[in-house]
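Here is how the chains run, residue by residue.
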Amino acid sequence: MAKITLKGNPVKTIGSLPKIGKKAPKFTLIKSDLSKAKLKDFKGSKLILNIFPSIDTGTCASSVRNFNKEAANLENTKVLCISRDLQFAQARFCGAEGLENVITLSDFAKGKFGKSYGLTIKDGPLSNLHSRAIVIINEEGIVTYTEQVPEIVDEPNYEAALKAL
């Protein structure tokens, strides 16, 4: 269980992020067009999983914008922005912002992704949402980098994540 904070107040997640060097847990998430996206659909590409509580908060929106900018220059890499927001909110945000280099995926229905990746928030005002985290998966589906952001309102370390590719 990760111990993180929300504006300095302690909160916990249900587990820990996947281990570096291990196979990434499988997932099925919902795309903005309501189709399903599975981890196996991205086989052969490097993945940056940009995970956050809600796209409609300043820090979360900033992370999506930053990774969208970086994704345009990355070879064989896809940026998956994952939250429990409805796919309609994710699509609205990206459309309004003109963001075309990231893929938004929703874990709204049952939160299975958050549970299998150990990042569902267990307590506090954001209970049942995802904590802010980065997971990088290589072309073979192996986790090569993780960052559990210790303070939910802080942005992830973009430089370290991109360097890990």
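Anything mentioned here points back to the structure above.
About the criteria used
Residues numbered from 1 in each chain as written. Predicted model: local features only at pLDDT ≥ 70, side-chain atom pairs only at ≥ 80, totals over all residues. Heavy atoms only, no water. Phe/Tyr/Trp six-rings, centres within 6.5 Å; stacked < 30°, edge-to-face > 60°. Buried < 20%, exposed > 50% of the residue type's maximum accessible area, 1.4 Å probe, protein only. Core = buried A, V, L, I, M, F, W, Y, C linked by side-chain atoms within 4.5 Å. Helix = DSSP H or I, 4+ residues; strand = E, 2+ residues; numbered from the N terminus. Contact = heavy atoms within 4.5 Å. Patch = residues over 30% accessible without salt bridge, like charges linked within 9 Å, V, L, I, M, F, W, Y side chains within 5 Å. Areas by Shrake-Rupley, 256 points an atom, 1.4 Å probe, with all protein chains shown as cover. Salt bridge = Lys/Arg side-chain N within 4 Å of Asp/Glu carboxyl O. Lys, Arg positive; Asp, Glu negative; His and termini not counted. Charge placed at Lys NZ, Arg CZ, Asp CG, Glu CD. Polar contact = N/O pair within 3.5 Å; in protein donor to acceptor, adjacent residues only side chain to side chain.

Turning next to the packing of aromatic side chains. A full pass over the atoms with the stated rule returns 3 aromatic pairs. Look at Phe 113 and Tyr 117: their rings are 4.3 Å apart centre to centre, the planes differ by 25°, and that puts the pair in the stacked class. Each of the two residues, Phe 113 as well as Tyr 117, counts as buried. Aromatic rings pair up to connect Phe 27, Phe 113 and Tyr 117 into one cluster.

The next point concerns the nonpolar core. Counting 20 residues, the largest nonpolar core has Leu 49, Leu 80, Ile 82, Phe 113, Tyr 117, Val 135 and Ile 137 as the members making the most contacts within it. Broken down by secondary-structure element, the contributors of at least two residues to this core are β5 (46–51), β6 (77–83) and β8 (133–137). Excluding its chain neighbours within four sequence positions, the residues that come into contact with Ile 137 are Ala 24, Leu 39, Ser 45, Lys 46, Leu 47, Leu 49, Tyr 117, Ile 142, Val 143 and Thr 144. Ile 48, Phe 52, Ile 134 and Ala 161 belong to the second-largest nonpolar core, a separate cluster that totals 12 residues.

To continue, consider a positive patch on the surface. A surface patch of positive charge is lined by Lys 23, Lys 26, Lys 36, Lys 38, Lys 40 and Lys 43. Counting through the fold element by element, Lys 36 comes out in strand β4 (residues 36–38).

Let's shift gears to the side chain of Ser 83. If you trace the backbone, Ser 83 turns up in strand β6. Given the relative accessible area of 0%, Ser 83 is considered buried. Polar side-chain contacts of Ser 83 include one of 2.7 Å to the side chain of Asp 85. Not counting the four nearest positions on each side in its chain, Ser 83 is found in contact with Phe 52, Pro 53, Gln 90, Leu 105, Ser 106, Asp 107 and His 130.

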